[in-house]
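Residue strings, one per chain:
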Amino acid sequence: MAKLTINGKTIDVVVEDDTPLLWVIREQIGLTGTKYGCGVAQCGACTVHIDGVATRSCTMPVSAITAEQKIVTIEGLSPDGNHPIQKAWIEHDVPQCGFCQSGMIMAAAALLQANPKPSDADIAAEMTNICRCGTYNRVKAAIKDVAAGGQLGRG
Amino acid sequence: MSLASVTDTKLSRRSMLKGSAAAAGAFSFGFAIPFDEAQAQGAVPEINAWVVVQPDDKVVIRIARSEMGQGTLTGLAQLVAEELDCDWAKVTTEYPTPGQNLARNRVWGNFSTGGSRGIRESHEYVRKGGAAARMMLIQAAADGWKVPAAECSVAKGVITHKGSGRSIRYGEVAAAASKLQAPANVPLKDPKDWIIAGKPLKRLDTADKTTGKKVYGMDFTLPGMLNAAIKDCPVFGGKVKSFDAAKIKDMPGVKHVLPVGDSAIAVVADSWWRAKTALDALPITWDEGEHAKVSSESIAAWLKEGLDAPQAAVGNQNGDVKGAIANAARVIEQVYSYPFQNHACMEVMNATALYTPERCEVWTPTQNGEAALAATAEASGLPLAKCEAYKIDLGGGFGRRGAVHDWVRQVVAIAKQIPGTPVKLIWSREEDMLHGRFHPVTQCKLTGALDKDGNLTGLRMRISGQSIVAGIFPQNIQNGRDPVVFQGLNPPGPEASIGYTIPNLLIDHAMRNPHVPPGFWRGVNLNQNAIYLECFIDELAHAAGKDPLDFRRALMKDHPKHLAVLNAAAEKAGWGTKSPEGVYRGICHTMGFGSYVAAVAEVSVSAEGQLKVHRIVAATDPGHAVNPAQIERQVEGSFVYGLSAALYGECTVKDGRMVEENFDSYQVMRMEDMPAVETVIVPSGGFWGGVGEPTIAVAAPAVLNAIFAATGKRVRNLPLKNTDLRKA
């Protein structure tokens, strides 16, 4: 049993305590935009925000999270896909297969919230998600575009 | 309403709910209705197999090939829309199902999506589909106006009669057009007149990939569905000896513990996480079989023996190479090797199946829907007509999801044991790494003969190692010869030809097939062959005291297309000009999948041996460039895939099984490794080449040759992580 606040809603779920948050999100709550890629916090496909911090949900036991903590998944990043990062992703035609992109977008959104003007080195250090199709340069260009627009960051 | 849009989950669920109220066999109702029956039921009629025009002018273009990130869906739609002269803003796409293709005498042709063949093999018939539909729509308008069709023109889906100035929209004449006979003679536009094809248009399928709405196979659900996790014997060829289901039957959510064939066990539970947790707790004893002692070392020793074995299949031969070597002023000889690699698609293998004694259906990400259907029929024991496979867009394919549908056979074997209950099988990443269809392992001995002036007079290449074709399509091996093993080394011709004229040449292959199952891995045999040839040519140039570009050019006079892309890459990169301080260049080229490609890499290597790839310039001649923006993305992505392989890619065999089980031990390239990539597209026309794969093959040799320029070290054994690059 766990009480979680996901995308603004508080939800009771019946699961074993050690169930990773990823699988609670996917299987109990039914939000499948957050992906399973590796299960060992390597690839970042499962990235969600917990109180604004990009977190790999595949190794985070659900028991470690309280109802007070705000979890945001890709489905809750913006009401209709109009977060500046999402718009930049469309503008730059970033995704190829797209499977890693939920995690990429969540990582990028958290990065810019914390560091609105990241250097190339900052981006490389924070964006450690794996993309096998090879969208890295488009990801970087989209992040830099949003940073240049100054639409995100600590108010 | 699109009856075939299986990725529309709302429709899927609706159809399934509708079906579940009836007999289990009717589950498929809604999916399996062929388009012509759908039309009889009052749906919007198709103009032809490729084109549906709705009353609101929305154009639905049918796509037979699978979308896995490479952009084929957008490119193929562009080709159809170009000839259709419709409004691109109103284009959507849908997949016909494999069952529908069979039922209609394969009207959509080949579904196979590999070998970079989506556009290069279907451009003509899909364009004719679009052109024929345009002609029928115009004819319908002309009939209505009682004027000759020749007096009508069309732009963006609006037909105009020149004389009277009347106009009518496609959507208004679509129903009439659908009743007309298809034209017999369907001329196509000259590519120079293209306005939709050939343009750097954005992909059609991006929006849902930015919001989490896109449904991948892993996300697919059916009402009442259970979830399965699986373990196959980690030693290839091994079997299950015993398992103790009683130990886990009371664990949360567990419903079934099922053998799958004689080598695997699946746990079926209410959720996948519970299935996996129980599977991890299940005691299984394996009969590891005859390969339990095989290691990378034992395989390497076997391949090494093949380098000098008397028996080999010849791939390319001219002149007298023995004589050339015997008479050479200098002979250079080196041995290279290339390891096993896993495709490591971001989305692990998965499929959902529903079996009843009357029907079996599978939903899966596949590069070849028809092969998935065939696997479904075989594994279920039902005839093809009682089976269907629904394609879902892939979270990466790279060759893993094309030729072999092992995961489909597994899910059907599971579903068959719980008839009437839908079940989704998802592999763990560990299962995916242990049970890949691996990049083949090979070694190559190269012997070059130089005359006193440093001219190449002879080249001998002996490849020893694995044949993908022998592992997957053994019927295609003829007299012990695998033709695909010589990719990039073939005699002059339209496919995978060597770009050099060498007076005395012998390239042959001593086949050595270890027990590890091989697969077509993006770039296939071009990957290692380009490394072997292009790094060794670099060695020969160095030995001859010549510039690597000049040395190549001297051998390429009879290969103008190869030479043109090499020159394009060299020119854009500034070959021969001074590079930034501490930065060194390497160059290479190859030809395969119908296209000519070349690359220049700029690298530096620190005193600590740290490699940095700064910049890549890549040139490609695919004949026709259907979407330059998407070609750029394929070229950039090719460097991620190719350099991941070059830098890190290695699956090690120990005790008959793979050692690397996840991305912590099987590292791949991340953003910090990513160089700037400049793409030069030089389409020369007259042929149609692929773009998804050829550039993979130039990634590694360009970087390896640049590393030599930087350090004086030749890296002949991949991956690079095993080599200390510190200056000696």
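The notes below deal with the structure included here. (Residues numbered from 1 in each chain as written. Chains lettered and ligands numbered in written order. Predicted model: local features only at pLDDT ≥ 70, side-chain atom pairs only at ≥ 80, totals over all residues. Heavy atoms only, no water.)

Remarks on the pattern of salt bridges
Note that side chains of opposite charge can pair when their charged atoms are close. Following the criterion strictly, the structure yields 55 salt bridges over all chains and no others. Between K202(B) and E91(A) there is a salt bridge, and its shortest N-O distance comes to 3.5 Å. With one member in each of two chains, K202(B) in the loop between α6 (170–177) and β8 (226–232) and E91(A) in helix α2 (residues 84–91) form a pair that bridges those chains. With a relative accessible area of 38%, K202(B) lands in the partly exposed category. (Salt bridge = Lys/Arg side-chain N within 4 Å of Asp/Glu carboxyl O. Helix = DSSP H or I, 4+ residues; strand = E, 2+ residues; numbered from the N terminus. Buried < 20%, exposed > 50% of the residue type's maximum accessible area, 1.4 Å probe, protein only.)

A word on the packing of helix α3 (residues 72–84) of chain B against helix α5 (residues 123–145) of chain B
Residues and elements named next belong to chain B. Between α3 and α5, the least distance of the axes is 7 Å, while the angle of their chain directions is 35 degrees. Between α3 and α5 lies a crossing of right-handed hand. Residues L76, L79, V80, E83 and L84 of α3 touch α5, and the partners they reach there are H123, V126, R127, G130, A131, A133, R134 and L137. Of the residues belonging to the contact of α3 with α5, the class tally is eight nonpolar, two polar and three charged. (Axes fitted to C-alpha atoms, helices over the stretch in contact; angles between N-to-C directions. Left-handed = near helix turned anticlockwise from the far one by under 90°. Contact = heavy atoms within 4.5 Å. Nonpolar A, V, L, I, M, F, W, Y, C, P; charged D, E, K, R; others polar.)

Side note on the interface of chain A and chain B
In this assembly, 49 residues from chain A lie in contact with 59 residues from chain B. Where chain A abuts chain B, roughly 4500 Å² becomes buried across the two surfaces, and 55% of that area is made up of carbon and sulfur atoms. Along the contact surface separating chain A from chain B lie six salt bridges. Between D219(B) and K35(A) there is a salt bridge whose closest N-O contact spans 2.4 Å. (Buried area = accessible area lost by both parts, 1.4 Å probe.)

Topic: the sheet that holds strand β16 (residues 359–365) of chain B
All names here are of chain B. Here we have seven strands laid out as an open sheet, ordered β10-β11-β8-β18-β15-β16-β17, and mixed in their pairing. In this open sheet, the two edge strands, each paired with only one partner strand, are β10 (254–260) and β17 (387–392). This sheet shows a mean twist of 20 degrees between the axes of neighbouring strands, independent of strand direction. Here β16 pairs with β17 via six bridges, running parallel. If you follow T364 over to β17, its bridge partner there is K391. In this fold helix α7 (residues 272–281) packs onto β8, β10, β11 (264–269) and β18 (423–426), with an angle of close to 30 degrees to the strand it touches most, β8. (Pairing = 2+ DSSP bridges.)

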